[in-house]
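Commentary on secondary and tertiary structure
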Amino acid sequence: MRFNEKELVFLSRQPSEMAAEMGMRGPKKGDVIKKRLVKLVVNFLFYFRTDEEEPIGALLLEQCRVEREDRQSFSIAFLDEAERKYLFECDSKEQCEEWMDSIIKASYEFMRKNLIFYRTEIHRLTGKDPLEQYGISDETRFQVTNGLQLMSRDTSTL
């Protein structure tokens, strides 16, 4: 996927859902854990050298798996390159759990699944489509067939 570098830098400067300094190891063999400022902005995880304002990298949190590695660390691996893992070391078990939960919930796919679930529940309870008033009731990616069943569409993880 291609991104405009200036737009990514602009996005990295937006208010973040979470930000912290933590240990990070890249996916290359021989990479070592380095202290990085890590910021979660929408569905991007930006990482910075602790003394710089521009990010040195960004991870688009789609089609990825977040796994606990040990008590205070977790990893992110992308489904198309499962052997390449980014490792993050937190200061506490609680911080690790909070980051993992936030990263999982940041993906577009997670939000889409939640929208479909709640749309289905509201339709089941009220008999009305809650998106109809916004003119997006016919969008196939958010389609509900009868209030209880969902139309088939890509349902891959995150």
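Basis of the calculations
Each chain carries its own residue numbering, running from 1 in the direction its sequence is written. A pLDDT threshold of at least 70 governs which residues receive local features in this predicted model, and a stricter bar of 80 or more applies before side-chain atom pairs are shown or counted, although totals over entire chains, interfaces and linings include all residues. The side-chain numbers reported here are obtained from all heavy atoms of the structure, hydrogens and water having been left aside. Numbering of helices and strands starts at the N terminus; helices are DSSP runs of H or I of at least 4 residues and strands are runs of E of at least 2. Note on exposure labels: buried denotes an accessible area under 20% of the residue type's maximum, exposed denotes more than 50%, and partly exposed covers the range between, all computed with a 1.4 Å probe on protein chains only. Values of accessible area rely on a 1.4 Å probe in the Shrake-Rupley scheme; residue burial ignores everything except the protein chains shown. The span you would expect from a helix comes to 1.5 Å times its residue count less one. The criterion used for residue contact is that any of the two residues' heavy atoms lie within 4.5 Å. Each reported salt bridge corresponds to a side-chain nitrogen of Lys or Arg within 4 Å of a carboxyl oxygen of Asp or Glu. A pair of strands is considered paired only if DSSP assigns at least 2 bridges between the two. For helices, the fitted axis covers only the stretch in contact; all axes are lines through C-alpha atoms, and the angles between them, taken along N-to-C directions, range from 0 to 180 degrees. Only protein atoms enter the 1 Å grid used here, on which a cavity is any set of points holding a 1.4 Å probe that cannot leave and a pocket is any open set flanked by protein within 12 Å on both sides along at least five of seven lines; residues with an atom within 4 Å of a point are listed as lining. Grid points are joined across faces, edges and corners, and a volume is the space filled by probe spheres set on the points. The classification used treats Ala, Val, Leu, Ile, Met, Phe, Trp, Tyr, Cys and Pro as nonpolar, Asp, Glu, Lys and Arg as charged, and all other residues, Gly among them, as polar.

Where an unreviewed UniProt entry is consulted, the protein appears under the name Pleckstrin homology domain-containing family J member 1, with the organism given as Betta splendens.

**Considering the overall build of the protein**
When its secondary structure is counted, the protein shows three helices and seven strands. Counting from the amino terminus, helix and strand elements in the protein follow one another as α-β-β-β-β-β-β-β-α-α. With 158 residues in all, the protein has 37% of them scored as buried. Accessible surface, the protein: about 10300 Å² in total, of which carbon and sulfur atoms supply 49%.

**Points about helix H2 (residues 93-105)**
Its 13 residues place the ends of H2 18 Å apart at the C-alpha level, agreeing with the 18 Å of an ideal helix rising 1.5 Å per residue. Contact partners of the buried residues in H2: strand E1 (18-25), strand E2 (34-41), strand E3 (44-49), strand E5 (64-70) and strand E6 (73-78).

**What to know about the pattern of salt bridges**
Taken as a whole and assessed by the stated rule, the structure comprises ten salt bridges. The partner of Lys85 in a salt bridge is Glu69, with the nearest N and O atoms 3.2 Å apart. With a gap of 16 residues between them, Lys85 in strand E7 (residues 81-89) and Glu69 in strand E5 connect regions that are remote in the sequence. Here Glu69 falls in the partly exposed class, since its relative accessible area comes to 36%. A cluster of three or more residues bridged by salt bridges with shared partners is formed by Arg68, Lys93 and Glu97.

**Looking at unusual backbone geometry**
In this structure, Val42 is a non-glycine residue whose phi angle is positive, near 55°. Position of Val42 among the secondary structure elements: in the loop between E2 and E3. By relative accessible area, which is 44% here, Val42 ends up partly exposed. Unlike most non-glycine residues, Gln63 shows phi in positive territory, near 55°. Here Gln63 lies in the loop between strand E4 (57-60) and E5. Note on Gln63: relative accessible area 38%, which makes it partly exposed.

**What about the sheet that holds E1?**
Here we have seven strands laid out as an open sheet, ordered E4-E3-E2-E1-E7-E6-E5, and antiparallel in their pairing. Bordering the open sheet on either side are E4 and E5, each of which pairs with just one other strand. When the angles between neighbouring strand axes are averaged without regard to direction, this sheet yields 35°. Contacting E1, E2, E3, E5 and E6, H2 runs over the sheet at an angle of about 170° to E5.

**A few points about the pairing of E3**
Burial of E3 is extensive: five of the six residues sit out of reach of the surface. Relative to E3, E2 runs antiparallel, the two sharing six bridges. By the bridge assignment, Leu37 is partnered in E3 with Phe48. The turn joining E2 and E3, which pair antiparallel and follow one another in sequence, is formed by two residues; a positive phi near 55° is taken by Val42. As paired strands, E3 and E4 are joined by four bridges and run antiparallel to one another. Across the sheet, Leu45 pairs through a bridge with Leu59, a residue of E4.

**So, the layout of surface pockets**
One number sums up the size of the largest pocket: a volume of about 280 Å³. Lining the largest pocket are ten residues; nearest its centre among them are Leu60, Glu62, Phe78, Asp80 and Glu81. Sorting the residues of the lining of the largest pocket by element identifies E4 and E7 as the ones contributing at least two each. Each residue belonging to the lining of the largest pocket can be placed in one class, and the counts come to five nonpolar, one polar and four charged.

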